[in-house]
Amino acid sequence: MRIGELARAAGVSTRALRYYEEQGLLTAERRGNGYREYDEQAVRQVAFIQDLYSAGLPSEVIREILPCAGTAGPTGDCSALQARVQEVRDRLARQEQQIAERREMLERYLAGDAAPAGFPTEESVAAGALSG
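Quick caveat, the model's predicted, so the values are computed rather than measured.

A. Spatial organisation of the nonpolar core. One finds L6, L17, Y20, L26, Y38 and V46 to be the most contacted residues of the largest nonpolar core, which totals 23 residues. When residues of this core are traced back to their parent elements, those giving at least two are α1 (3-10), α2 (14-22), α3 (42-54), α4 (59-68) and α5 (79-110). Excluding anything up to four places from it in sequence, L6 contacts M1, L17, L26, Y38, A42, V43 and V46.

Here is the structure:
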């Protein structure tokens, strides 16, 4: 299938597909007229690439994952890759924790229970007015 057909089938832009090719994540055969030709598994591969990007993985890690997750089974040494993916997962877990803490702080602020760090509270404003 040509690039436009793959873009429609995978629900992505042709620009994204060209980027995936530039990053070494997707390959296409070139016809004599220069058009890209993709095989049928490219739709699944693009969906997988998008899932990995959504999970926060950078292109370099995705490029290493693809040979280890192919339909024909792993090609090459995939043992070191597992440690890298676990590092990314752990980093995401830390970010999720930070976001949860920030969300909780904002919820307390919106409920009137607490003010974000560095923001004046009603009490500190009143105390400042009394001392001035």
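B. Main features of the side chain of E21. Mapped onto the fold, E21 is located in helix α2. Within polar-contact distance, the side chain of E21 engages the side chain of R36 at 2.6 Å. The contact partners of E21, leaving out residues within four places of it in the chain, are L26, A28, R36 and Y38.

C. Summary view of the environment of E60. Within the secondary structure, E60 sits in helix α4. Separated by 35 residues in sequence, E60 and L25 place their C-alpha atoms 9.1 Å apart.

D. Representation of the environment of V88 within the structure. In this structure, V88 sits in helix α5. Expressed as a C-alpha distance, the spacing of V88 and V61, which sit 27 residues apart in the sequence, is 9.3 Å. Beyond its immediate sequence surroundings of up to four residues, V88 is in contact with G56 and L57.

E. The arrangement of the pattern of salt bridges in detail. According to the stated counting rule, one finds three salt bridges in the structure shown. Between R31 and E37 there is a salt bridge; the shortest N-O distance is 2.5 Å. The exposure class of E37 is partly exposed, given its relative accessible area of 24%. Among the salt bridges present, the one from R89 reaches D90, with a minimum N-O distance of 3.0 Å. Look at D90 and you get partly exposed, because its relative accessible area is 34%.

F. Highlighting the packing of aromatic side chains. As enumerated under the stated definition, the model contains two aromatic pairs in all. Between Y20 and Y53, the ring centres sit 5.8 Å apart and the planes meet at 20°, which makes this aromatic pair stacked. Residue Y20 is found in helix α2, and its partner Y53 is found in helix α3; the two are separated by 33 residues along the sequence. Y53 sits in the partly exposed class, given a relative accessible area of 24%. One aromatic cluster is present, built from ring pairs that chain together Y19, Y20 and Y53.

Rules used throughout
Residues numbered from 1 in each chain as written. Predicted model: local features only at pLDDT ≥ 70, side-chain atom pairs only at ≥ 80, totals over all residues. Heavy atoms only, no water. Core = buried A, V, L, I, M, F, W, Y, C linked by side-chain atoms within 4.5 Å. Buried < 20%, exposed > 50% of the residue type's maximum accessible area, 1.4 Å probe, protein only. Helix = DSSP H or I, 4+ residues; strand = E, 2+ residues; numbered from the N terminus. Contact = heavy atoms within 4.5 Å. Polar contact = N/O pair within 3.5 Å; in protein donor to acceptor, adjacent residues only side chain to side chain. Salt bridge = Lys/Arg side-chain N within 4 Å of Asp/Glu carboxyl O. Phe/Tyr/Trp six-rings, centres within 6.5 Å; stacked < 30°, edge-to-face > 60°.

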